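# Descriptive analysis of the structure
Below, each chain spelled out in residue letters.
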Amino acid sequence: MKAFTKKIVLENGREFYGYGFGADREAINEIVFNTSMVGYQEIMSDPSYTDQMVVMTYPLIGNYGMTDEDYETKTPTIGGMIVREYNDSPSNFRYTKTLNEVFEEHDIPAIWGVDTRALTRIIRDEGTQKVLITDAATPREEALRKLAEYVTPHDMVSRVSCKKRWMSRVPNHKYDVVAVDCGIKYNIIRLLNRVGCNVTVMPYNSTAEEIMAFRPDGIVLSNGPGNPEDVAPVIELVKQLRGKLPIFGICMGHQLISLAYGAKTFKMKFGHRGANHPVKNLVTGKLEITSQNHSYAVDVDSLEGTGLTLTHVNLLDGTAEGVECAADGVFSMQYHPESASGPQDSAYLFKKFTKIMEDHKNA
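If you look the chain up in an unreviewed UniProt entry, it shows as Carbamoyl phosphate synthase small chain from Alistipes timonensis JC136. As stated in UniProt under Subunit (unreviewed entry), the record for the chain gives "Composed of two chains; the small (or glutamine) chain promotes the hydrolysis of glutamine to ammonia, which is used by the large (or ammonia) chain to synthesize carbamoyl phosphate. Tetramer of heterodimers (alpha,beta)4." You can read under Sequence similarities (unreviewed entry) in the UniProt record for the chain the words "Belongs to the CarA family."

This is the structure in structure tokens:
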């Protein structure tokens, strides 16, 4: 058996040894787990994973490589990845690079050979916590000292949001949409394009005046990393524009809309990350299998008196998965209707958004 090269040290003192791949450097992040069986490329390139070390519960990662068309951002900002078995010889006619090569290119550390089942149970039972990936020879006491000194950042959205506006256009478009970029996934833009929307992606701190200058038919508030309460500019933006334009919130966008209407959010014990979370649509009674990635949720009880109605609920733990203010043309989802990766049960929500925009145009 070859000697271990890396280890991870948890905030609770537990150590797990393995073999490094990707960037050869130390990193401290929040440790979380994702239960998806496929989609590691979309996961590692999702900006919502900024400063998070993701434990993949599926035991084999890397086996189909990385393809140029499937990224969710140009510059991945995931903190790192922890896997049971890493395959560096992909079998896929579409692949152009290995996962290891992409991690090296973007300076992202990773480790394989770890007991991911035991690690996932610790996160599930104790909650998310800080984790250090370091050299196997690093003394435990030194590692714990570094973890104790590490302060979780609150500037993640400002780091991943675009700095200048950019556009994604389609021929014969029907609607002009502004997407407020808190860490937007490309597939949100792709699906908006698919339903006839020209999309202008703008920085998270854009003002209402800057957005209205584009004369949009509607606004999309994107997903993003960290605590939604740290993203005050977007909360204020919703307060200014609600009722004036249709607004569609996704993931963090859902939380920001809820905060703007006066509801409250809270940090979950270990969050929702996976591609098979069952959600009930309370309007139709139908069940949707959804893709999810979030640490925070909206307090259901706090929705009372805000003007928002609960429209979707998670069947695993009863948390809020969707809210709506029909009078204002505002609705939002906690999960990811654009998937990437995951089931496509909820793609209808993009057509719902276009219908609200059409009704608003004709009002």
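Structure's up, so let's keep going.
Broken down by element type, the chain carries 10 helices and 19 strands. Taken over C-alpha atoms, the radius of gyration comes to 20 Å for the chain, in line with the 21 Å a tight globule of 363 residues would show. Taking the principal axes of the C-alpha coordinates as reference, the chain spans close to 70 × 45 × 40 Å. Taking all 363 residues of the chain together, 58% fall into the buried category. For the chain, restricting intrachain contacts to residue pairs at least 6 apart in sequence, the fraction spanning at least 24 positions comes to 73%. Looking at the chain as shown, the accessible area adds up to about 15,400 Å², and 49% of this sits on carbon and sulfur atoms. For the chain, the distance from the average position of its 39 positive side-chain charges to the average position of its 46 negative side-chain charges is 2 Å.

We now examine the UniProt feature "binding site: L-glutamine" (unreviewed entry) in the chain. UniProt's entry tags Ser 48, Gly 224, Gly 226, Met 252, Gln 255, Asn 293 and Tyr 296 with the feature "binding site: L-glutamine" (unreviewed entry), counted in the numbering of this structure. Across 249 residues, the annotated set stays spatially compact, with a maximum C-alpha separation of 13.5 Å. Along the chain, Ser 48 turns up in the loop between helix H1 (40–44) and strand S4 (52–56). On the basis of relative accessible area, Ser 48 is assigned to the buried category, the value being 6%. Of note is the side chain of Ser 48, whose polar atom sits 2.9 Å from the side chain of Asn 223.

The next thing to look at is the pairing of strand S11 (residues 175–181). Among the 7 residues of S11, 6 are classified as buried, and the element is accordingly described as predominantly covered. For S11 and strand S12 (residues 197–203), the ladder comprises 7 bridges, and the chain directions are parallel. Bridging across to S12, Asp 176 finds its partner in Asn 198. For the crossover from S11 across helix H6 (residues 186–194) to S12, the handedness is right-handed. Sheet topology note: the S11/strand S13 (residues 218–221) ladder contains 4 bridges and is parallel. Within S13, the position partnered with Ala 179 by the bridge is Val 220.

How big an interface is tends to be stated in terms of the accessible area lost upon association of its parts. Partitioning the chain into domains gives domain 1 (6–152) and domain 2 (157–362). Each of domain 1 and domain 2 has a C-alpha centre, and these two points are 27 Å apart. In this assembly, 28 residues from domain 1 lie in contact with 22 residues from domain 2. Roughly 1,900 Å² is buried in total at the junction of domain 1 and domain 2, and carbon and sulfur atoms are behind 45% of that figure. By the criterion of area lost to domain 2, the three top residues of domain 1 are Pro 47, Ser 48 and Glu 72, representing 27% of everything that side buries. Joining domain 1 to domain 2, the criterion identifies 3 salt bridges. The residue Arg 190 makes a salt bridge to Glu 72 at a minimum N-O spacing of 3.2 Å. The interface formed by domain 1 and domain 2 holds 17 residue pairs in polar contact (both at pLDDT 80 or more) in total. Looking at the side of domain 1 that touches domain 2, the elements that each hand over two or more residues are strand S3 (27–34) and helix H3 (116–126). Residues that form the side of domain 1 that touches domain 2 fall into these classes: 7 nonpolar, 11 polar and 10 charged.

Moving on: the sheet that holds strand S6 (residues 80–83). Across a sheet, paired strands are connected by hydrogen bonds in the backbone, their directions being either parallel or antiparallel. Sheet architecture is closed into a barrel: 7 strands sit in the order S1-S2-S8-S6-S4-S3-S9, paired in mixed fashion. Taking each pair of neighbouring strands and ignoring which way they run, the sheet shows an average axis angle of 35°. The pairing of S3 with strand S9 (residues 129–135) spans 5 bridges and is antiparallel. Looking at S9, one finds that Ala 27 is bridged to Ile 133.

Across all of its chains, the model carries 12 aromatic pairs by this definition. For the ring pair Phe 4 and Tyr 17, a centre distance of 5.9 Å and an interplane angle of 35° mean the geometry is tilted. With Phe 4 in the segment before strand S1 (6–10) and Tyr 17 in strand S2 (residues 15–22), this residue pair connects regions lying 13 residues apart in the sequence. You can call Phe 4 partly exposed: its relative accessible area is 35%. Residue class for Tyr 17 comes out partly exposed when judged on its relative accessible area of 33%. With 5.2 Å between their ring centres and 45° between their planes, Phe 4 and Tyr 19 make a pair best called tilted. One end of the pair, Phe 4, is in the segment before S1; the other, Tyr 19, is in strand S2, with 15 residues separating them in the sequence. Just above the ring of Tyr 19 sits the side chain of Lys 2; from NZ or CZ to the centre is 4.8 Å. Against the face of Phe 331 rests Lys 352, its NZ or CZ located 4.6 Å from the ring centre.

Procedures and definitions
- Residues numbered from 1 in each chain as written.
- Predicted model: local features only at pLDDT ≥ 70, side-chain atom pairs only at ≥ 80, totals over all residues.
- Heavy atoms only, no water.
- UniProt positions renumbered as here; feature names shortened; annotations may be inferred.
- Helix = DSSP H or I, 4+ residues; strand = E, 2+ residues; numbered from the N terminus.
- Rg over C-alpha atoms; globule rule 2.2 N^0.38 Å.
- Buried < 20%, exposed > 50% of the residue type's maximum accessible area, 1.4 Å probe, protein only.
- Contact = heavy atoms within 4.5 Å.
- Areas by Shrake-Rupley, 256 points an atom, 1.4 Å probe, with all protein chains shown as cover.
- Lys, Arg positive; Asp, Glu negative; His and termini not counted.
- Charge placed at Lys NZ, Arg CZ, Asp CG, Glu CD.
- Polar contact = N/O pair within 3.5 Å; in protein donor to acceptor, adjacent residues only side chain to side chain.
- Pairing = 2+ DSSP bridges.
- Right-handed = clockwise from strand over helix to strand, strands pointing away.
- Domains from an automatic or database assignment.
- Buried area = accessible area lost by both parts, 1.4 Å probe.
- Salt bridge = Lys/Arg side-chain N within 4 Å of Asp/Glu carboxyl O.
- Nonpolar A, V, L, I, M, F, W, Y, C, P; charged D, E, K, R; others polar.
- Axes fitted to C-alpha atoms, helices over the stretch in contact; angles between N-to-C directions.
- Phe/Tyr/Trp six-rings, centres within 6.5 Å; stacked < 30°, edge-to-face > 60°.
- Lys NZ or Arg CZ within 6 Å of the ring centre and 35° of its normal.

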